[in-house]
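# Results of the structural survey
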Amino acid sequence: MKFYSADFVFPVCSTPLKDGIVVMDNSGVVIDVFENIASLNNALQIQIERSAIQKFHGMLTPGFINAHCHLELSYLKGEINKHNKLTGFIKDLVSVRMKAEHDKIINTIKSAEESMLEVGIVAVGDISNTSITFQLKNKSDLQYHTFIEAYDLFELNTDKVWNMAKELKETLQLNNRNSKCSISPHAPYSVTPHLFQKINANKPSIITIHNQETASENTLFETGTGDLKNFFELSGNKLPHIKPNGKSSIQNYVPWLNLCDEIIFVHNTFSSDDDIRYAIANTKKCWWCLCPNANLYIENTLPEIERITKATENILIGTDSLASNNQLSILSELKIITKKFPQISLHQLLTWSTINGAKALKMDSELGTLEKGKKPGLVLIENVDLQNQKITESSQSKRVA
């Protein structure tokens, strides 16, 4: 057995424990969590010396869940201009994507995964357009749900796109039949109704979609004008599948996904109160994933998170990719939220970044909380405001078990 203690232990499933103790077996499975050494010794009916307990200054939490990432884009760190809006980001991405050598791409993927492990991430909802991350995932210490991303701007390409996505899914599961994966739409503007219907007819247990990341996405569906419309027209595509009707993007495409058990909406930077209520009322279950650093990197703005918190507790945290972020750290995302929305409690933030992510990715039987029988990983958050139970600008996270 191994014993871990800190100024505070946040099991997430219960209230924080001052000087709490987490007991794990040698493989990392939680044996139990105790309020103090007296309750520990009483429960185990043996005398555990204080010297046997590894004590940390800070907070111990379960491992983080990164609900949205593009690991395969790790080689693009620093290659995309900041604050250039989504259209500028897409333009830069298209111009530089896959120009790097294969070995460099593989090495940056490995480095990115190692960095996530070091800062306490234990599971990832990862977007894949190619198979380049698959070999790594099959032998990784991280758990993954891979979202095979499909997009199609021309109805004539739909069957080809769908078959390619199915082949990628089969490739991933060929060497690891336990790999969690599903085919998902990229974004409302880049998926035709036919492709939405293909995805929906497959009745997936969970999908993800980039949602209302830019204001021009709503404008496109409402009036058929705006930056996205102009961008695609300049590239030779008039987006004939978009039929402007005065409704926002999410209110247009959600009806096409009525057979999906769960949907993760990612970004939600320009989601209104009506949009949020509409999505909740017209899906079986939905989650709202926030990627603050990426929002600032691309659009230089943040979603009004309070809109979402007033409507639901189903909130997740993601990092997006190194093409739109300087680091893959959940704590870094939580710092941004804490600074902009100080009224959001640490318990809320930890819920979003641990158990909610585990539930959304259907990994909560093992991850997400410090509970008996789970193997959630153990993360230390240092340099925290212990009196007010707040993370600070200097807070750091690292995995300790």
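It should be noted that the structure appears before, not after, this text.
Residues numbered from 1 in each chain as written. Predicted model: local features only at pLDDT ≥ 70, side-chain atom pairs only at ≥ 80, totals over all residues. Heavy atoms only, no water.

### What about the overall build of the protein chain?
When you go through the protein chain residue by residue, the secondary structure sums to 15 helices and 15 strands. Radius of gyration (C-alpha) of the protein chain: 22 Å, near the 21 Å computed for a compact globule of 401 residues. Considering only C-alpha atoms, the protein chain reaches an extent of 75 × 45 × 40 Å along its principal axes. Expressed as a percentage of contacts within the protein chain between residues at least 6 apart in sequence, the contacts between residues at least 24 apart total 68%. Counting only carbon and sulfur atoms, one obtains 46% of the accessible surface of the protein chain, whose full area is about 17200 Å². Here the protein chain holds 41 positive side-chain charges and 44 negative ones, and the gap between their average locations is 2 Å. (Helix = DSSP H or I, 4+ residues; strand = E, 2+ residues; numbered from the N terminus. Rg over C-alpha atoms; globule rule 2.2 N^0.38 Å. Contact = heavy atoms within 4.5 Å. Areas by Shrake-Rupley, 256 points an atom, 1.4 Å probe, with all protein chains shown as cover. Lys, Arg positive; Asp, Glu negative; His and termini not counted. Charge placed at Lys NZ, Arg CZ, Asp CG, Glu CD.)

### Notes on the pattern of salt bridges
Taken as a whole, this structure holds 13 salt bridges when the rule is applied. Between lysine 284 and aspartate 261 there is a salt bridge, with the nearest N and O atoms lying 3.5 Å from each other. Of this pair, lysine 284 sits in the loop between helix H10 (273-281) and strand S12 (286-290) while aspartate 261 sits in the loop between helix H9 (249-253) and strand S11 (263-267), and the two are 23 residues apart along the sequence. Residue class for lysine 284 comes out exposed when judged on its relative accessible area of 53%. Looking at aspartate 261, the relative accessible area reads 33%, which means it is partly exposed. Of the charged contacts, one joins glutamate 262 and lysine 362 as a salt bridge, the two residues approaching to 2.8 Å between their closest N and O atoms. Within this pair, whereas glutamate 262 is found in the loop between H9 and S11, its partner lysine 362 is found in the loop between helix H15 (355-360) and strand S14 (378-385), the two being separated by 100 residues in sequence. Among the residues examined, lysine 362 registers a relative accessible area of 38% and is labelled partly exposed. Look at the salt bridges and you will find they share partners, linking Lys18, Asp19 and Lys55 into a network. (Salt bridge = Lys/Arg side-chain N within 4 Å of Asp/Glu carboxyl O. Buried < 20%, exposed > 50% of the residue type's maximum accessible area, 1.4 Å probe, protein only.)

### Some points on the environment of glutamate 113
Tracing the chain through its elements places glutamate 113 in helix H3 (residues 102-118). A residue is classified by how much of its surface remains accessible, and glutamate 113, at 7% relative accessible area, is buried. Every residue in contact with glutamate 113, bar those within four places of it in the chain, is listed here: Leu71, Leu136, Ser140, Leu142 and Tyr144.

In short, the description is geometric, and any link to function would need to be established separately.
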